[in-house]
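# Observations on the three-dimensional arrangement
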Number of protein chains: 4
Amino acid sequence: MQTAKHHIEPAEGRLGVLMVGLGAVASTVIAGVELIKRGLAEPIGSLTQMGTVRLGKRTEDRAPLIRDFVPLATIDQLVFGAWDPISDTAYEAAIKSGVLDRYVHIEPIAEQLKEIEPMPAVFDQSYVRRLDGANVKPNAGKRDLAEALRQDIRDFKAAHSCDRIVVIWCGSTEIFLEPGPAHWNLAAFEAAMDANDETIAPSMLYAYAALQEGAPFINGAPNLTTDVPAMVELAHKTGVPIGGKDFKSGQTLLKTVLAPMLKARMLGLEGWYSTNILGNRDGEVLDDPDSFRTKEESKLGVIEHILQPKLYPQLYGDVHHKVRINYYPPRGDNKESWDNIDIFGWLGYAMQIKVNFLCRDSILAAPLVLDLVLFMDLAQRAGLKGVQEWLSLYFKSPQHAPSVYPEHDLFIQQTKLKNTLRWLMGEEQITHLGMEYYQD
Amino acid sequence: MQTAKHHIEPAEGRLGVLMVGLGAVASTVIAGVELIKRGLAEPIGSLTQMGTVRLGKRTEDRAPLIRDFVPLATIDQLVFGAWDPISDTAYEAAIKSGVLDRYVHIEPIAEQLKEIEPMPAVFDQSYVRRLDGANVKPNAGKRDLAEALRQDIRDFKAAHSCDRIVVIWCGSTEIFLEPGPAHWNLAAFEAAMDANDETIAPSMLYAYAALQEGAPFINGAPNLTTDVPAMVELAHKTGVPIGGKDFKSGQTLLKTVLAPMLKARMLGLEGWYSTNILGNRDGEVLDDPDSFRTKEESKLGVIEHILQPKLYPQLYGDVHHKVRINYYPPRGDNKESWDNIDIFGWLGYAMQIKVNFLCRDSILAAPLVLDLVLFMDLAQRAGLKGVQEWLSLYFKSPQHAPSVYPEHDLFIQQTKLKNTLRWLMGEEQITHLGMEYYQD
Amino acid sequence: MQTAKHHIEPAEGRLGVLMVGLGAVASTVIAGVELIKRGLAEPIGSLTQMGTVRLGKRTEDRAPLIRDFVPLATIDQLVFGAWDPISDTAYEAAIKSGVLDRYVHIEPIAEQLKEIEPMPAVFDQSYVRRLDGANVKPNAGKRDLAEALRQDIRDFKAAHSCDRIVVIWCGSTEIFLEPGPAHWNLAAFEAAMDANDETIAPSMLYAYAALQEGAPFINGAPNLTTDVPAMVELAHKTGVPIGGKDFKSGQTLLKTVLAPMLKARMLGLEGWYSTNILGNRDGEVLDDPDSFRTKEESKLGVIEHILQPKLYPQLYGDVHHKVRINYYPPRGDNKESWDNIDIFGWLGYAMQIKVNFLCRDSILAAPLVLDLVLFMDLAQRAGLKGVQEWLSLYFKSPQHAPSVYPEHDLFIQQTKLKNTLRWLMGEEQITHLGMEYYQD
Amino acid sequence: MQTAKHHIEPAEGRLGVLMVGLGAVASTVIAGVELIKRGLAEPIGSLTQMGTVRLGKRTEDRAPLIRDFVPLATIDQLVFGAWDPISDTAYEAAIKSGVLDRYVHIEPIAEQLKEIEPMPAVFDQSYVRRLDGANVKPNAGKRDLAEALRQDIRDFKAAHSCDRIVVIWCGSTEIFLEPGPAHWNLAAFEAAMDANDETIAPSMLYAYAALQEGAPFINGAPNLTTDVPAMVELAHKTGVPIGGKDFKSGQTLLKTVLAPMLKARMLGLEGWYSTNILGNRDGEVLDDPDSFRTKEESKLGVIEHILQPKLYPQLYGDVHHKVRINYYPPRGDNKESWDNIDIFGWLGYAMQIKVNFLCRDSILAAPLVLDLVLFMDLAQRAGLKGVQEWLSLYFKSPQHAPSVYPEHDLFIQQTKLKNTLRWLMGEEQITHLGMEYYQD
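Criteria and cut-off values
Residues numbered from 1 in each chain as written. Chains lettered and ligands numbered in written order. Predicted model: local features only at pLDDT ≥ 70, side-chain atom pairs only at ≥ 80, totals over all residues. Heavy atoms only, no water. Helix = DSSP H or I, 4+ residues; strand = E, 2+ residues; numbered from the N terminus. Rg over C-alpha atoms; globule rule 2.2 N^0.38 Å. Buried < 20%, exposed > 50% of the residue type's maximum accessible area, 1.4 Å probe, protein only. Pairing = 2+ DSSP bridges. Contact = heavy atoms within 4.5 Å. Axes fitted to C-alpha atoms, helices over the stretch in contact; angles between N-to-C directions. Least-squares fit on C-alpha atoms with pLDDT ≥ 70 in both. Patch = residues over 30% accessible without salt bridge, like charges linked within 9 Å, V, L, I, M, F, W, Y side chains within 5 Å. Areas by Shrake-Rupley, 256 points an atom, 1.4 Å probe, with all protein chains shown as cover. Salt bridge = Lys/Arg side-chain N within 4 Å of Asp/Glu carboxyl O. Polar contact = N/O pair within 3.5 Å; in protein donor to acceptor, adjacent residues only side chain to side chain. UniProt positions renumbered as here; feature names shortened; annotations may be inferred. Buried area = accessible area lost by both parts, 1.4 Å probe. Expected span 1.5 Å × (residues − 1).

### As for the overall build of chain A
- For chain A, the helix and strand inventory stands at 16 helices and 10 strands.
- Taken against the 2.2 N^0.38 rule, which gives 22 Å for 440 residues, the C-alpha radius of gyration of chain A at 22 Å falls within 12% of a compact globule.
- With the C-alpha coordinates aligned to their principal axes, the bounding extent of chain A is approximately 65 × 50 × 50 Å.
- Residues classed as buried in chain A amount to 67% of the 440 residues present.

So, in structure tokens, the structure goes:
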């Protein structure tokens, strides 16, 4: 199953990273990268920076760092920019979001953070009701707004002498939108833009601008954005990879290992009650039922896809799955989840698993941003375009080909990612069969 | 990577299952199988009975039941016997252990359970201090005891017209033993038996007897038993598969999905504190520090092997891992674990995961017994002998070839098991690469 | 502070207990009392049956059982009846609610339980939307319905030769009602009944009927019912004690000891997040936002009253208190709560307390019903009428005199109850000063 | 029950606080007091600084601050000194113990903290095995060591112009000692000192020195120290109050409200499993089984004394109570406890309460130190001597008169403390009877 190594363009020059939303996540990413550049912190949580990939047999003892194995851009090549309706610099955003220790992780790089001022955003409160801001582009019609974003991208690229650009959505959750006629194909999409159709959300304008400018687009929120045929068509047309949606960081990360565990053991599931408390801007936005619905849809799907109730009706045919998110200011960015999982085993006897995750939202999300930027840039240089299912590992709701179901199981996702890297570099696929160690 | 289908002998006739220890686990298995035979309960938790295996592409929609895919013995072909130093029948053991609801799951099959009386055991209190019993074979020297067990196996096989026998250890945890000279090879082992060497534990006599009689031996406790060269040599000599050790049922099951999750995400681990409360016979036995040490060694290894501190010294180089087990009678068989996991992410920020598992020891173990019996019997009919690493999924401390490290990650174990079944049946290995769905 | 002993009428004859609602709680009470009468179970959780009261100095060693100290009716004197819109007998209700083990606690007294058939209820779905039933009195106007209930009480009393009657609401939570003009005094109330005013809820008709018939009325739900001046006026007029509201059984019970603990230690409180999952009829009813609001009001008040934010603005002036209840069928009657309590101590440092209560709703409520019935009957025989604040211990939202704030602290409530018993019987009040043990 | 106001000497001049042990707790107290003096922090957790006391009827609305009600020394009058076998200043101790944020709570008062250098300690490693240090007085015999401590006290008092001194043990847990002949009376004690009897622990020499110098002594550890007749005799002879033992700060604080809750409701208790993880010096010391035993005894007693198994054999006659403490370095001073409480209710049905307390050891202990110092000084000025049972609120194992059982219930302790303050000031005792609000 060994294949020829792919041709991959080298990762030369500067890689511009444009972030939609300069809040807790974006400022944590930027501060972290600046600290790491200076040797003041470590890129914990980043597969591209710290991960290895096993090659060949277990007895060969080959496990290079991923960044030594595939030609990724380096941390030092990254240049950051952002859009945000609130005009705080990265420094002000980092202070306000309360994620990082001010004296240890913000002040030492204050100068760099202060230089990053957000460009005026394309923002419309009817899509994110609990947010407001003045650093907004004048409403000149959706097509013109998209063109203004394209100009921003070109300007940033020129001003910072970037060779390539990646755009990543680190912004808020928009209200729930279902795919409609305006999303069926590129022509319909562009006509809808011209008509200022309400099913064209701001996030779509960012994605459209990025793809038109040849920049990969990554969607860190559960918004519809690129998860529609029109965007996939555009990505293929301009030869650009896309990925999303919704960073898989805390509670859902846990779900995508615990549900596979139940299935691996054929333990039944009667109910799964998930509640969350968080007090950051994200929590405030999700306090709006319409934004919450978008997030809820993203969070509810994983269990059904992993557990395959059609294959296992006795085990997973009637699962009571509830997801609750509560805005609870005492917590700030320190999101906490509590899951109660009602399972049943041999002869139907009930058992319970309870998981309490005291996590940090932006600390978990930041390395995902870094990895996705670097992997998407790699994908583009390797000639991969459209949906990058091999990056499913990073998403609550991974975009996938229409012909297949999504893979939510974290370990299938990991195998897929690593075997894709092996395939790109012409190394043998790992199957874990390993019968050779036991043959006489 | 498709291979020719293996030759596998058909699963004809009756399969005798001899259990060492007729306590909570064994009586729960037997009662369950009898209820399932009568359609009064479902084999929840059993991969062999309820699991499927995906074949081919995701788009092919082929996912037969494992029991339809590989030629396993059926539930109806099973016949049970046991040894135990306590002379309770399976009925009495089921009542006393308090695992099953008396009115719903014991009385309807009382007659069958009462028929199963344990054969006198090979038992020595110096190996299991907190246990005692009168249904014990006279101490006639270790070699003679082994021969008496061989005779028991032959007698049972004849009396119940069995075609094949599998022996499985469902008994207590012996005191901690390290591999020594008596275990290096079969000749040394037999000489040590003759000399009544104290490093030959009772569990080894059962294993020796089984292997000599051509019966696969499965070790459900953390005892050393077959995890020594002498036993592997004997298994190869008599052409018998062996497997162990220590059923992976509750807290360790969780560890082997949560530790891989941390590694998949490159999240660091500072400490893992695991405590357990249980009130059954197992808890009483583990209240003896020497028995606990055997269990502790079995439980401590998984994190180190999964996290590979040598590959990831910054993440996993200094983990404080504590495992505590407390005998706490209020719980009976309803073992409960509480894990506190101190992790760190981006830039070193600390987070915590706490898992509280209210499980049922025997309910989790019972389907593992069923699966292992059926898979080991399959292995033997397929001509596989010696260590069956593909059954690692079921063990806390899976036995493996000396040339390789053990695989503790539940998902690698699952891939290994399912790809082994595919390999046995001549089906293609699954790699999750899946690039074909995205090629133009 | 010793006072003369009060005159209390003796507890002679049969005491009829009429329960509004024959569901999980009522059937658990009735079954329990029948089992206790037969010596088949113990009245665990009942202060009247198992509690003691310390008299005099610690050195006197006097601590009689409460039932030996004050003249309570005995278990054997109790006779049960009920109203319910669903026509299930107590036997059917016990089976369906799944609280008690069928073989151990229902079948042995099946005959007695089957005899208890609910009288047709006064029921109106516009007050309890998620409930329905056919065993309902014809809607003949509110005054006539009240008269019909009075007749039911008289009939029951006669049919069962009762000397006295107590009526207790064990039914569902009605939609939220605020006290209005119809509740200001008895005349207004009766006029509103005649006008079929919508602010006269069904629960008020039961209370009105009971008080007119000279029967104490106890309100186990958070409904407004007797917590209005009109009802207090009626109680004083007919010389009847009343008590309510909302049994304090699980999560709120914990709150009323944990909040006092924080205050005893001057630990600050930043937030308290309380979530509940339950799957019984109560959970279903509370799934209606209007019923939930009634319950929420009842649950939210305790923290504010205990912590006195006006006295302690730095500690308790800005508490984020959230209460959530989720209908989650896997649990049935086994309600579970999870509380996260964000506190702060010395110099403002944050700490957390998390409490997970795996309780049983009806098991906790049943002994409260028994105690309240017996204590209310005692109160009536002792000539106490109107609001019985000394029974605050039993309620989430204790009714109290308009001149004072309610006491929610469980230990103040307990002191109040026990010192009231001492006062009734002419014993000295306990102050815990105890300086006499240390005087030279 | 109103009594005449006591005579209390005014709180004039400086109050010297000598702390035995200058580690995490002591440095947190000192830093906090210095910050509070400067208005940089608030004395959260301190009853003397923030607490109020209700006087008279609920309708009177009288609830003065305790420090306005009774004549306490003020924060500004306090002067600190310490002994410790490790020569770190309070500044170094504060940095090393990792309790306080360096930039926010240590550096602003660094100068004051650096001035506090510990006097050489009386220390003997055979009483605290896991601790070592060089700042130790030469071993000159126990009597001479006690005299050296007396001289230290006199020197400190003179050097800092103190009017009064209080000595408080904030040091480690010594090995388990049982009261023996050397402790029966003062003469025996002094003879044993002269003989260097091993039952005279170092902590006793500190207490002896303090009492001889007329300074109240408070015991914050579970050491035997003053809890022997000889010390009570000495306290009475020199007219000095004493108090102890073992600060009640975290898990035990919770126990002393949860156990009374169970009793208030007559809920049965089958088992209570308490585990703790902590990583500070205290954790290290308790890793020695002999020190742990001292702590365990202190922690185990509370449940038995509160639940009165002799009065309630059916409810509390057979409780499985386990306490575990694990040294787990990831936590540092952030001690965490997990309690599993197995209770039973109506008819014997089982329920569970689980409490997870993420606390901070020194943050919880610091305000107790402040309160005890101020209250003990008050007691002395009020002429109270010997055991101060009214301060039981602060201790895991409150010292008490031989004629009575100890009061562990936090709310009885609180009532006792507040009624003692009322008694001292000639105010009426509060009984919570409150019948006057309901009399016609």
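### Some remarks on the sheet that holds strand 10 (residues 386-387) of chain A
Residue and element names in this part refer to chain A.
- Taking strand neighbours across the sheet as the criterion, the 6 strands line up as 2-1-3-4-5-10 in an open arrangement whose pairing is parallel. Each of the sheet's edge strands pairs with one partner strand only, and the pair in question is strand 2 (78-83) and strand 10.
- Strand contacts of helix 7 (residues 142-159): strand 1 (14-20), strand 2 and strand 3 (162-169), with the helix running at about 135° to strand 3, the strand carrying the most contacts.
- Seen against the sheet, helix 15 (residues 361-381) touches strand 1, strand 2, strand 3, strand 4 (217-219) and strand 5 (241-244) and runs at an angle of roughly 130° to strand 3.

### So, the pairing of strand 2 (residues 78-83) of chain C
All names here are of chain C.
- The element strand 2 is largely enclosed, with a buried count of 6 among its 6 residues.
- Of the two faces of strand 2, the one lined by Leu78, Phe80 and Ala82 and the one lined by Val79, Gly81 and Trp83 are each fully buried.
- Sheet analysis places strand 1 (residues 14-20) next to strand 2, joined by 6 bridges and oriented parallel. Each bridged residue has a counterpart across the sheet, and for Met19 the counterpart in strand 2 is Ala82.

### Regarding the relation of the copies chain C and chain A
- By a simple turn and slide, chain C fits onto chain A: the slide is 0.0 Å along the axis, the RMSD is 0.0 Å, and the turn is 180°. As the rotation angle and translation indicate, the two copies are arranged about a two-fold axis.
- Looking at the interface residues of chain C, 100% of them are also at the interface in chain A, so both copies use one shared face.

### Some thoughts on a nonpolar patch on the surface
- A contiguous nonpolar surface patch, about 380 Å² in accessible area, is contributed by Tyr103 and Val104 of chain A together with Tyr103 and Val104 of chain D.
- Those elements giving two or more residues to the nonpolar patch turn out to be helix 5 (102-106) of chain A together with helix 5 (102-106) of chain D.
- By the secondary structure assignment, Tyr103 of chain A is in helix 5.

### A word on the side chain of Arg164 of chain A
Residues and elements named next belong to chain A.
- Positionally, Arg164 belongs in strand 3.
- By relative accessible area, which is 13% here, Arg164 ends up buried.
- Polar contacts involving the side chain of Arg164 include one to the side chain of Asp377, which spans 2.6 Å.
- In contact with Arg164, other than residues within four places in its own chain, are Ala11, Glu12, Arg14, Leu15, Gly16, Ala73, Lys157, Asp377 and Arg381.

### Some words on the UniProt feature "domain: Myo-inositol-1-phosphate synthase GAPDH-like" (unreviewed entry) in chain A
- UniProt records the feature "domain: Myo-inositol-1-phosphate synthase GAPDH-like" (unreviewed entry) at residues 250-362 of chain A, using the numbering of this structure.
- The straight-line gap between the two end C-alpha atoms of residues 250-362 of chain A is 10 Å; of that span, 40% is helix and 33% is strand.

### Topic: the UniProt feature "transmembrane region" (unreviewed entry) in chain A
- UniProt's feature table lists "transmembrane region" (unreviewed entry) at residues 15-36 of chain A, given in the numbering used throughout.
- Helix makes up 59% of residues 15-36 of chain A and strand 27%, whereas the separation of the span's terminal C-alpha atoms amounts to 17 Å.

### Comments concerning the interface of chain C and chain A
- Each partner contributes residues to the interface: chain C has 23 residues there, and chain A has 23 residues.
- Carbon and sulfur atoms supply 54% of the area that chain C and chain A bury against each other, a total of about 2,000 Å² over both sides.
- The largest per-residue losses of area from chain C upon contact with chain A belong to Tyr273, Tyr328 and Trp338 of chain C, which jointly make up 27% of the total buried on that side.
- On inspection of chain C and its partner chain A, the count reaches 4 salt bridges.
- Among the ionic pairs, Glu336 of chain C bridges to Lys354 of chain A, the shortest N-O distance being 2.5 Å.
- For the pair chain C and chain A, the number of links is 22 residue pairs in polar contact (both at pLDDT 80 or more).
- Top element by residues in the side of chain C that touches chain A is strand 6 (residues 268-278) of chain C. It accounts for 6 residues.

### Digging into the sheet that holds strand 4 (residues 217-219) of chain B
All names here are of chain B.
- With parallel pairing, 6 strands are arranged side by side in an open sheet as 2-1-3-4-5-10. The sheet is open, and its two edges are formed by strand 2 (78-83) and strand 10 (386-387), each paired on a single side.
- Where strand 3 (residues 162-169) and strand 4 come together, 3 bridges link them in parallel fashion. Following the sheet pairing, Val167 is matched in strand 4 by Phe217.
- Each of strand 1 (14-20) and strand 2 touches helix 1 (residues 24-37); the most contacted strand, strand 2, lies at about 160° to it.
- Packed onto the sheet, helix 9 (residues 202-212) meets strand 1, strand 2, strand 3, strand 4 and strand 5 (241-244) and runs at close to 155° relative to strand 4.

### Thoughts on helix 13 (residues 289-307) of chain D
Residue and element names in this part refer to chain D.
- In this model, helix 13 (19 residues) spans 28 Å end to end at C-alpha, consistent with the 27 Å of a helix rising 1.5 Å per residue.
- Its buried side turned inward, helix 13 meets helix 11 (251-264), strand 6 (268-278), helix 12 (281-286), helix 14 (313-316) and strand 7 (320-327).
- Phi for Gln308, located one or two positions after helix 13, is positive at around 50°.

### Concerning the side chain of Thr89 of chain B
- Considering the arrangement of structural elements, one finds Thr89 of chain B in the loop between strand 2 and helix 4 (90-97).
- Contact partners of Thr89 of chain B, with chain neighbours within four places excluded, come to Leu22, Leu113, Lys114, Ile116, Glu117 and Pro118 of chain B.

### What about the relation of the copies chain A and chain B?
- For the pair chain A and chain B, the best superposition has an RMSD of 0.0 Å and corresponds to a rotation of 180° with a translation of 0.0 Å parallel to the axis.
- Counting the interface residues of chain A, we find that 100% of their copies in chain B are interface residues as well, pointing to one common contact surface.

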